[in-house]
Structures are given as structure tokens and as C-alpha cells.
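Below are the chains, spelled out letter by letter.
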Amino acid sequence: MSVLTTKFANSSFPLTAVVGQEVIKLALLLAAVDPGVGGVAIAGGRGTAKSVMARGIHALLPPIEVIKDSFCNCDPNHPEEWDDRTVAKYGQTKDIPTAIIATPFVQIPLGVTEDRLIGSIDVEKSVNRGEAVFQPGILAQAHRGVLYVDEINLLDDRIADQLLAVLSEGRNLIEREGISVEHPCQPLLIATYNPEEGKLRQHLLDRIGINLCAAPILKVERRVEAVEQVMAYSEAPAKFIEQYREELDDLKMQLVLARDLLQNVSITREQINYLVEEAIRGGVEGHRAEIFAMRVAKAAAALNGRACVNPEDLKQAVELTIVPRAKLIQIPPEVEQPAPPAREELQNSSQEEKNPEEPEAKSIPEEFIFAPEGVILDPSVLEFAQIAQRQGKAGARSKIFSEDRGRYVKPMFPKGKVHRIAVDATLRAAAPYQLARRKRHPGRQIIVEKADWRSKRLAQKAGALIIFVVDASGSMALNRMQAAKGAILMLLSEAYKHRDRVALIPFRGERAEVLIPPTRSITLARKRLEKLPCAGGSPLAHALAQAVRVGLNARLSGEIGQVVIVAITDGRANIPLARSLGQTLTEGEKPDIKGELLDIAAKIRALDLKLLAIDTENKFLSTGFAREIAQIAGGKYYHLPKASEGTIAAMAQGSLAEIR
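As a starting point, this report considers the structure included with it. As a convention, each chain's residues are numbered from 1 in the sequence order in which they are written. Reporting of local features is limited, given that this is a predicted model, to residues whose pLDDT is at least 70; pairs of side-chain atoms are given and counted only at 80 or more, and all residues count toward the totals for whole chains, interfaces and linings. Where side-chain values are given, they derive from all heavy atoms of the structure, hydrogens and water being excluded.

## With respect to the overall build of the protein chain
Basically, it comes down to this: Here a strand is any run of E in DSSP of at least two residues, a helix any run of H or I of at least four, and the numbering for each starts at the N terminus. Classification of residues uses two cut-offs on accessible area relative to the type maximum, computed with a 1.4 Å probe and protein chains only: under 20% is buried, over 50% is exposed, and between them is partly exposed. Contact definition: two residues touch when any of their heavy atoms are within 4.5 Å. Under the convention used here, a 1.4 Å probe and the Shrake-Rupley method define accessible areas, while residue burial counts only the protein chains that appear.
What the protein chain contains, in helices and strands, is 26 helices and 21 strands. Taken across its 660 residues, the protein chain has 46% of its residues classed as buried. Counting contacts in the protein chain only where the partners sit at least 6 residues apart, residues at least 24 apart contribute 78% of the total. Only carbon and sulfur atoms are counted for the fraction: they give 52% of the accessible area of the protein chain, which is about 33,900 Å².

## With respect to the side chain of Thr 103
The cut-off we apply is this: For this analysis, a polar contact is any N or O atom pair within 3.5 Å, provided that within protein one partner can donate a hydrogen and the other can accept it, and provided that sequence-adjacent residues contribute only side-chain to side-chain pairs.
With respect to the helices and strands, the residue Thr 103 is situated in the loop between β3 (98-101) and β4 (105-107). Here the side chain of Thr 103 touches Pro 62 through a polar contact of 2.5 Å, landing on its backbone oxygen.

## Side note on helix α2 (residues 22-33)
Formally: A helix's residues, less one, multiplied by 1.5 Å, set its expected span.
Given a rise of 1.5 Å per residue, 12 residues ought to cover 16 Å, and the 17 Å separating the end C-alpha atoms of α2 matches this to within 8%. Among the 12 residues of α2, nine are classified as buried, and the element is accordingly described as predominantly covered. The set of residues buried in α2 consists of Ile 24, Lys 25, Ala 27, Leu 28, Leu 29, Leu 30, Ala 31, Ala 32 and Val 33.

## A look at the environment of Ile 632
As for its placement among the helices and strands, Ile 632 is situated in helix α25 (residues 625-633). As for Ile 632 and Ile 600, which are separated by 32 residues in sequence, their C-alpha atoms are 9.2 Å apart. Those residues in contact with Ile 632 that lie beyond four places of it in its chain are Leu 598, Ala 601, Ala 602 and Arg 605.

## Structural notes on the pattern of salt bridges
Using the following cut-off: Salt bridges, as used here, are contacts in which a Lys or Arg side-chain nitrogen is within 4 Å of a carboxyl oxygen on Asp or Glu.
Going through the model one piece at a time under the given rule, you end up with 16 salt bridges. Here Arg 325 ties to Asp 206 by a salt bridge, and the two come within 3.3 Å at their closest N and O atoms. Remark: Asp 206 occurs in helix α9 (residues 202-207) and Arg 325 occurs in the loop between α15 (311-322) and α16 (343-354); sequence separation between them is 119 residues. A residue is classified by how much of its surface remains accessible, and Arg 325, at 8% relative accessible area, is buried. Classification of Asp 206 by relative accessible area gives partly exposed; the value is 23%. Among the salt bridges present, the one from Asp 608 reaches Lys 610, with a minimum N-O distance of 3.4 Å.

## Side note on the packing of aromatic side chains
The condition is simple: Aromatic pairs are defined between Phe, Tyr and Trp rings, using the six-membered ring for Trp, whenever the two ring centres lie within 6.5 Å; interplanar angles under 30 degrees are classed as stacked, those over 60 as edge-to-face, and all others as tilted.
Enumeration according to the criterion identifies six aromatic pairs in this entry. Ring geometry for Phe 13 versus Tyr 233: centroids 5.1 Å apart, planes at 75°, classification edge-to-face. Pair noted here: Phe 13 is in the loop between α1 (6-10) and α2 and Tyr 233 is in helix α10 (residues 220-235), with a separation of 220 residues, a long-range link. There is no split in this pair, since Phe 13 and Tyr 233 are both buried.

## A look at the sheet that holds β4
Counted only if it meets this: Pairing between two strands requires that DSSP report at least two bridges joining them. Fitting a line to C-alpha atoms yields each axis, with helices limited to the stretch in contact; the angle taken between N-to-C directions then spans 0 to 180 degrees.
Here we have five strands laid out as an open sheet, ordered β4-β7-β10-β1-β11, and parallel in their pairing. Unpaired on one side and paired on the other, β4 and β11 (210-214) mark the two borders of the sheet. Direction aside, the axes of adjacent strands within the sheet are offset by 20° on average. Two strands pair when backbone bridges link them, and strand β1 (residues 40-44) and strand β10 (residues 188-193) are joined in this way by four bridges, in the parallel orientation.

## So, the layout of surface pockets
Here is the rule we go by: Points on a 1 Å grid, built from protein atoms alone, make a cavity when a 1.4 Å probe fits but cannot get out and make a pocket when they are open with protein on both sides within 12 Å along at least 5 of 7 lines; residues with an atom within 4 Å of a point are the lining residues. Grid points are joined across faces, edges and corners, and a volume is the space filled by probe spheres set on the points. Amino acids outside the nonpolar list (Ala, Val, Leu, Ile, Met, Phe, Trp, Tyr, Cys, Pro) and the charged list (Asp, Glu, Lys, Arg) are all regarded as polar, and Gly is one of them.
Looking at the largest pocket, its volume works out to about 1,200 Å³. Residue lining of the largest pocket: 39 residues in total, with Asp 34, Pro 35, Gly 36, Gln 186 and Arg 295 positioned closest to the centre. Contributing elements (two or more residues each) for the lining of the largest pocket: α2, α8 (157-169), β10, α12 (245-262) and α14 (288-303). Classifying every residue of the lining of the largest pocket by side-chain character gives 19 nonpolar, 11 polar and nine charged.

## What about unusual backbone geometry?
Even without being glycine, Asp 69 reaches a positive phi, approximately 70°. Structurally, the position occupied by Asp 69 is in the loop between β2 (64-67) and α4 (84-90).

## Notes on the packing of helix α22 (residues 540-556) against helix α24 (residues 593-606)
Counted only if it meets this: By definition in this entry, angles of less than 35 degrees are roughly parallel, angles greater than 145 are roughly antiparallel, angles of 65 to 115 are roughly perpendicular, and the rest are oblique. Whether a crossing is left-handed or right-handed is set by the direction in which the near helix is turned from the far one by less than a right angle, anticlockwise for left-handed and clockwise for right-handed.
Where α22 contacts α24, the axes come no closer than 9 Å and their chain directions differ by 20°. Taken as axis vectors, α22 and α24 run roughly parallel relative to one another. The handedness of the crossing between α22 and α24 is left-handed. Facing Leu 540, Ala 541, Leu 544, Ala 545 and Val 548 of α22, the residues of α24 in contact are Glu 596, Leu 597, Ile 600 and Ile 604. Grouping the constituent residues of the contact of α22 with α24 by class yields eight nonpolar, no polar and one charged.

## Quick word on the packing of α12 against α14
How two helices pack is summed up by the angle between their axes together with the distance between the axes. Put simply, α12 and α14 touch, their axes get as near as 8 Å, and they point 125° apart. Relative to α14, the element α12 is oriented oblique. As α12 runs across α14, the sense of the crossing is right-handed. Of the residues in α14, those touching α12 at Gln 254, Leu 255, Ala 258, Leu 261 and Leu 262 are Lys 298, Ala 299, Ala 302 and Leu 303. Class assignment for the residues of the contact of α12 with α14 results in seven nonpolar, one polar and one charged.

Right under this line is the structure:
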């Protein structure tokens, strides 16, 4: 974890030398003018210059003036932003020692811990002094600089949430292990990720001001130009950068002037109203879009040396902040070309042109980018909007926390026996008391007591267990059973891709047996399904009870997070649970099979198991019992009496995707 030096910044690939990606380069310049726009997130495949542009914008940023020896780069001209210790030290002093440093460039590694991110106790200094000594984290180093997160979609969810929470507040408050420190944290956030390696959660994207896609270069001549640029830079970096020296110097001066002008840029209520209407037309949720758009518009005006926002600034703001968040993007219909005007109309228009009226200056664009129904009218942003929409919603996989397996994410107070001690947190907890303990135990250097112990909290990605409950009774026709088998095999293949586990419980006769225990083997499932017979009664209650038992046991293993029960049945049940369990029924007593099934469905919901019921009842109107079971269990229901294996598999895959 290092702060980029001026030497490294000056040797970066010039931003102006990057071929293409003009929209992203503009967004980075606007964010450099006003880091308050919320940062820039760049999605793109491999080799689309995402990291190059992040380092390129840093090379354009001017040095900053800081209070000498300030751990968080405090600005001497803004005492209202200082941390507590700087206020206590220089709050009543006019003669403040300062220094000029290069703008920091801090990159967050994927395996960063919470202590390293926000700050914690300095163990060595605390042990020597006998009191808690604060050790700044990455966020303190990044204040007033560039905070770069590569592959943010692979960052631990808890770390990502905490990072964006601090950036939203602009302050980092650390209260832990005997310390209480607050310091400013207002860096320029640049985050990049490859959607092919995992999508970014939607609520994280919403908290980043500008979200763009780095589109690959498709034209041959442009790709050749990009290759030539990279080759020239690798052979002689200094000579290559010198070719762009004049452009880079102009951009640096433009950024400095824009930052000074930004506080004087004005935006009218009418212009803000335009941004809000665009957000409403695009179906954007929340208010962040128009807030970010307002700041982007002002930054665009400042970057162009204007003190007032104009229509072009508003249009850029909509394209960069509102369009990526829009929910109602559609392809605009083809507009019929109007008929040519008659000769009389041409004569009248020529006479009007001789005496033109002085046009009034417009403060907003003449037309909205979004039509009332959410259609984009501006073709220049249509392609980008469709790319952003294709990213889809980010589906987060669940995680399992434990004390014995997984990756170390944070320390915690032990509950019972300590399986793995968090040495770093334990030493930090013991550090402030070393002087007093040495007096009680002379001759010992570091004294750790039981009250100081901290255990490791470990996390690992949890797979899902998909339990297929298949009706193999006589009420299921042979052709529907074959369709169910084919759908199961298709779903097994999909589950294998996700590294999930699957289980199969067919029910026929008087009992339901676990034919395939939780496994990832498609071969085993295929062999068992080929020999699956169809005959006998329908012990649906016993099958669902078996599924609940298998799901709970899988959870106890510590490797399964979600349990999904896919029940393919016609909803008819004629075997009571007592008979399936081998219990003797009272003579003359009529078993309540429906009540048993509804009780099990309620238990499925209470245990947070997911149920997908696929009703194969071959009647024009279903009895609706399978639907009732799904409703009680809080699950999904589909009535597919004549569905093929592909249809069943498609419906199941869609429901599983929603559950994930």
C-alpha cells in the first residue's frame, strides 16, 4: 500500500494519448474538477485501458499544500475540515508549518482488512508508550488525492460498504479499542471492474456518481493506432510523453483554473428542474442521480471557463449520471421523413428569413433526452445506454461466517472456545496496558491477558443447495415424467457451472427416498434418473419433510448458504406422513394430509428455505393445491401441464436467478 510519488506520476501513460474512450476521459476530468461528483466507476473487459486512464488523470493533478506532518493531508486554508488532533495543535495558531506534496495516489488491494482501511492501534508504539496510539489507514492517506480500486466487484462486500459510507460522509470516524479519532476523507474515487469476472452490486453503483462502460475499439485503423501508441511508449517513455507535453500542460492549467472557478459557478432553479424531470422520465430511483447531475453540470461549466451552466453542460450531466441509472430505456421508433414543403411555404419562409427576430438565449436544452415514455431521443447516447442496461442487476452470492474456515475478514470478541486467535487485534487490545502490567510482572516484555484475546472472524463464499423433489407416482403420466427428468438434467448442468450442490428426492409408493444426496456430480444424477421408475402412491408430505431435513443438515456443514427446493408435482397427495414414517394409524381416523402439507410449507418459510413449485397437473383448471403450498411457503408457483423439458428448465432457472 503506497502513495504514488511525483516521479511515477510523471512517467504515466498520457491521458490524451489513449485512443478512443472520449466520454470516460471527459468524466475523469470533470471528477478531477469536483471530487464531490461521487467518483467514477468504469466497467469494461480486459485491455480497455481502464487502469491506464485512472493513472493518467492522476498525472494531471497539481501538487497540494498540506499541514506539515499531517497524517491525513489537512488543507491549512480549510480549518473546518481538520481532524481533531490538528485542531487541538494548530487551532489557536496562525503560524502553521506547511509543505507542498504531490497529489497522493492510493490503491486499495482486494485483500485489505478493515483495520488497514480505516485505521487502528499502532501495536509497537502503544506497547512502548503504554497508551493507545492511533495508526492511520488507507483512507487517511487518500484524502485530497486519488483513491483507486481495481476490480471493485471482487472487493469484500463489507469493506466495499464501509468504503462508500465513509466517502459519502466525507469523514472517517474510528472508535475502537480505546481510541476515538475523526479525520476528513474526500478523495477522487476511481473504481474499475470487469463484468465478466462478477457484477457489481446495484446499490454500490448507485452511490458512485458517474458509471460508464469502456467500449472496445472495433475499427481496424484505430486498433492499429492504439498498438503503435503502446509500442512507442514502451520503447522510449520520456520521448513519447514529451510529444504530449504541451497538451498535458494545457490540461493541468485548465484543471487549476476550473477548480478556482467552480465555487462561483451558478445553476438556476429552471435548470435543476430540467435535471429532475429527466430523472423522472428515465424512471430513476432515489435522488442521487439529479444531485450528481447538478454537480457534473457545474464542473463542466467550470472546465470550459464559464460561470453559468448552459444547455450543453446539462446534456452532458444527463448522459453521465442519469442515463446509466435509467430503468425505462427503449429503442426510439423510426421517425417518418416529413414531406417536402410546397413552393408557397418556401416563399413565405424566405421572406421571414429576411427579417429574422433576435433569438432569446436558452438556459436549458430545447428538448429532453428522454421522451415521456422513457425513450432516449438523442442517438449519441443510445448505444452507451444500452450497454449500461445490459450489465443487469448485480446478484450477490451469500457468505458464511465462521471461526474455523475461510478468509480472515475482521477480529471479534470470542464466544466460548477460541479456535483461531487474531494476533494483530489481540496485541492491539493489550498494548495500552503494558506499562501497568510490567510493574506488576517485572522482567516480562509483552503481557497478554485473557481479556485481551480476540478471535478471527472468517468468511467464505457459500454455495447453494438445490433439492429436486420429483413426483414419480402413478398420477404422473410417463411423458411428463420424461420432461421432468430432462429438465432436472438441464438444471443440474447450470448448477454445476455455479459450483452449487444438488440433491434429488423422488417420491412414489409410501415413502420418499434421497436418491441423490447433495453432490456436484452430473454423471451420478444421470445414472440415477435413467433408472427412476413411475408407479404407486404419492407421499408428497414425506418428500417435503425429507427435503427440509437434507437442507438443514447441509447448512450445518458450513458450506451451504441458500437452500432451494424445486418441487415438480401435480399437487396430489394420498399417503399420510405417519404411514411414510412407519407409524400405526388409529383405526377409523381419517388422516389430514392437506393439513400436514400446509404445516410443512409453513416450516419451510420459517426456516428461510426457498420453494419453487412447478405444477404439472394435466387438467384444464388446476385444483390449486400446489399453488396454496407455494403461497404458504412464501415461494414461487408455475402451472405447466404440457411443458417440455426446456420450458420447465427455463422457468426454474429464471426463478433461481431471482432467488440468488
